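Residue-level listing of the chains:
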Amino acid sequence: MIKYIVQGGTKLSGSVTISGAKNAAVAILPATLLVSGPCRIENVPDISDVRLLMEILRDMGAEIHRYGRNTLEIDCTRARNATAPIELVRRIRASYYLIGAELGRFGHAHVAMPGGCNFGVRPIDQHIKGFTTMGAEVSVEGGFIHTAAKNGRLVGAPVYLDVVSVGATMNIMMAAVLAQGVTTIENAAKEPHIVDLANFLNSMGADIKGAGTDSIKIRGVERLTGGSYCIIPDQIEAGTYMAVVAATGGQLLLKNVISINHKLADQTGKGSGDVFAAPNMQEMKEALRQRREAAQAAQAAAQAAQSQPANFCGQCGAKLENGVCPHCSAPKDSAPADSTPPQE
């Protein structure tokens, strides 16, 4: 068991280059199975999950070349629908993305139940619900998930997630890009890595709209072709460094970030992809106070608007003039709250 001993009390200073988003990378790499042609992917984080996925894809027949630490070229044109080695799949939670990718590419998948996560049980029932809604038959036997699309190809359908699930949203999205017809995902998750996966697939020829909202529409296409893509920076890693600086003091230059996502940072480096993170608790408190007051003012205005009496006569429906009906002289308070203007 690894143990970390942290001795605090020291201000941090210097600069850090933020890695590519792990949660985007572990979905985008399996998604290359859907693409006919080489995919050049930049800003890939150099982490164990990525290396495991590279081994799994190679075992399935993908050709992978690495350029430096953070750039991969993956060509899955000749990939086959093989069963990934169970000893690799069980070491990584994100291996469940292979189900959606294989189901979309080959029409069937045979993948070991995922592992690699110590955050407790996280079921994949919403993934299965999406696959079955699009016409797949799914069974779990002997520690493996078996899925097969009727007639060899999924059919687009409306999918409603009972609970918001990042993994299910991304897995269903991958399965749907080559399906016949249109698939909609309602109550979808909205995280940045979902948007990044959609952008990757769109750059390869997919037709996905609404990623980043709770309603995503995927129109199936016949094929995806190769191209180049750069994974977004990891917002969790950037936020962690920002929180550490806020807690310990000092000043840290964060490189390779999307600064618009970091509202509490001094966006000095906006446009260059750099952000200076320095603690200024007074400014943070003032910003929160202003936001709270604005929300309270908006709520008060909405309540006041709802309490206003109607502007139309409750007897004849005519518009009131100075609170009086010009036709029947009905007082303003005689109009019921749900009265509506006359139809023209």
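This is a predicted model, so every value here is computed, not measured. (Residues numbered from 1 in each chain as written. Predicted model: local features only at pLDDT ≥ 70, side-chain atom pairs only at ≥ 80, totals over all residues. Heavy atoms only, no water.)

## A closer look at the overall build of the protein chain
The helix and strand inventory of the protein chain stands at nine helices and 14 strands. Counting over 344 residues, the protein chain shows a buried share of 41%. Long-range contacts, defined here as pairs at least 24 residues apart, represent 66% of the contacts in the protein chain between residues at least 6 apart. (Helix = DSSP H or I, 4+ residues; strand = E, 2+ residues; numbered from the N terminus. Buried < 20%, exposed > 50% of the residue type's maximum accessible area, 1.4 Å probe, protein only. Contact = heavy atoms within 4.5 Å.)

## Some details on the confidence of the model for the protein chain
Detailed reading of predicted coordinates is not advised where the pLDDT is low. Summing up the model confidence of the protein chain, the mean pLDDT is 81 and the portion of residues at 70 or higher is 76%. Between residues 261-272, whose pLDDT stays under 50, and residues either more than four places distant or in other chains, the model counts 17 contacts. Taken as a whole, residues 330-344 scores under 50 in pLDDT and shows 27 contacts with residues more than four places along the chain or in a different chain. (pLDDT = per-residue confidence, 0-100.)

## Thoughts on helix 6 (residues 166-176)
Residues that lie three or four places apart on an α-helix share one face, since the helix turns once every 3.6 residues. The buried fraction of helix 6 is high, at ten of eleven residues. Where helix 6 is concerned, the buried positions are G167, A168, T169, M170, N171, I172, M173, M174, A175 and A176.

## Let's talk about the sheet that holds strand 4 (residues 71-75)
Two strands in a sheet stick together by hydrogen bonds in their backbones, pointing the same way (parallel) or opposite ways (antiparallel). The strand order across the open sheet formed by four strands is 3-4-2-12, and the pairing between neighbours is mixed. With partners counted over all chains shown, the strands left at the sheet margins are strand 3 (63-67) and strand 12 (224-230), one partner each. The average undirected angle you get between the axes of adjacent strands in this sheet is 5 degrees. Where strand 2 (residues 35-42) lies against strand 4, four bridges are found, and the strand directions are antiparallel. The residue bridging I41 from the neighbouring strand is L72, located in strand 4. Here helix 7 (residues 192-203) sits on the sheet in contact with strand 2 and strand 12, set at roughly 130 degrees to strand 12. (Pairing = 2+ DSSP bridges. Axes fitted to C-alpha atoms, helices over the stretch in contact; angles between N-to-C directions.)

## Notes on the environment of A112
By secondary structure assignment, the location of A112 is in strand 5 (residues 108-112). Sequence-wise, A112 and E141 are 29 residues apart; in three dimensions their C-alpha atoms are separated by 9.5 Å. Not counting chain neighbours up to four residues away, the residues in contact with A112 comprise I86, V89, R90, G143 and F144.

## A look at the state of the cysteines
If you walk through the whole model with that rule in mind, you get zero disulfides. Of all cysteine sulfurs in the structure, the one in C76 sits closest to C39, which takes part in no disulfide; the separation is 7.0 Å. We classify C39 as buried; its relative accessible area is 0%. (Disulfide = S-S within 2.5 Å.)

## Observations concerning the sheet that holds strand 9 (residues 182-186)
A sheet is described by the order of its strands in space; here four strands give the open sequence 8-9-11-10, paired in mixed fashion. Here the strands that pair on one side only, and so sit at the sheet edges, are strand 8 (158-160) and strand 10 (207-209). Going across the sheet, the axis of each strand differs from the next one's by a mean of 15 degrees, ignoring polarity. Strand direction decides the pairing type here: strand 10 and strand 11 (residues 215-219), joined by three bridges, are antiparallel. When the bridges of strand 11 are listed, D207 appears paired with R219.

## What about the side chain of S95?
Checked against the element boundaries, S95 lands in the loop between helix 3 (86-89) and helix 4 (97-106). Among the polar contacts made by the side chain of S95, one reaches the main-chain carbonyl oxygen of I92 at a distance of 2.9 Å. When residues no more than four places from it in sequence are discounted, the contact partners of S95 are V89, V111 and P114. (Polar contact = N/O pair within 3.5 Å; in protein donor to acceptor, adjacent residues only side chain to side chain.)

## Some details on a nonpolar patch on the surface
Nonpolar side chains collect at one region of the surface, where I2, Y4 and V6 lie side by side and expose about 440 Å² of accessible area between them. Relative to the helices and strands, Y4 is located in the segment before strand 1 (12-17). (Patch = residues over 30% accessible without salt bridge, like charges linked within 9 Å, V, L, I, M, F, W, Y side chains within 5 Å. Areas by Shrake-Rupley, 256 points an atom, 1.4 Å probe, with all protein chains shown as cover. Salt bridge = Lys/Arg side-chain N within 4 Å of Asp/Glu carboxyl O.)

## Brief notes about the pattern of salt bridges
Applying the stated criterion across every chain, the model contains nine salt bridges. We note a salt bridge from R40 to E42, for which the minimum N-O separation is 3.5 Å. A relative accessible area of 32% places E42 in the partly exposed class. Ionic pairing is found between R69 and D46, a salt bridge with its closest N-O pair at 3.4 Å. In this pair, R69 sits in the loop between strand 3 and strand 4 while D46 sits in the loop between strand 2 and helix 2 (48-59), placing the two residues 23 residues apart along the sequence. On the accessibility criterion, R69 (57% relative accessible area) is exposed. Each of D46, R51, R66 and R69 takes part in salt bridges that share partners, so that together they form one network.

## Some details on the side chain of D196
When you line up the elements, D196 lands in helix 7. Notably, D196 is buried but unbridged: the nearest opposite-charge side chain belongs to K22, and the N-O separation is 14 Å. Among the polar contacts listed, one links the side chain of D196 to the side chain of Y229, at a separation of 2.4 Å. With sequence-adjacent residues up to four places away left out, D196 is seen in contact with A24, I28, Y229, C230, I231 and I232. (Lys, Arg positive; Asp, Glu negative; His and termini not counted.)

## Details of the packing of helix 4 against helix 6
Two packed helices can be described by the angle between their axes and the distance between those axes. Where helix 4 meets helix 6, the axes come as close as 7 Å, and the angle between the chain directions of the two elements is 15 degrees. By the angle between their directions, the pair helix 4 and helix 6 is classed as roughly parallel. As for the relative orientation of helix 4 and helix 6, their crossing is right-handed in sense. Contacts between helix 4 and helix 6 involve Y97, I99, G100, A101 and G104 from the first element and G167, M170, N171, M174 and A175 from the second. Considered class by class, the residues forming the contact of helix 4 with helix 6 number six nonpolar, four polar and no charged. (Parallel < 35°, antiparallel > 145°, perpendicular 65-115°, else oblique. Left-handed = near helix turned anticlockwise from the far one by under 90°. Nonpolar A, V, L, I, M, F, W, Y, C, P; charged D, E, K, R; others polar.)

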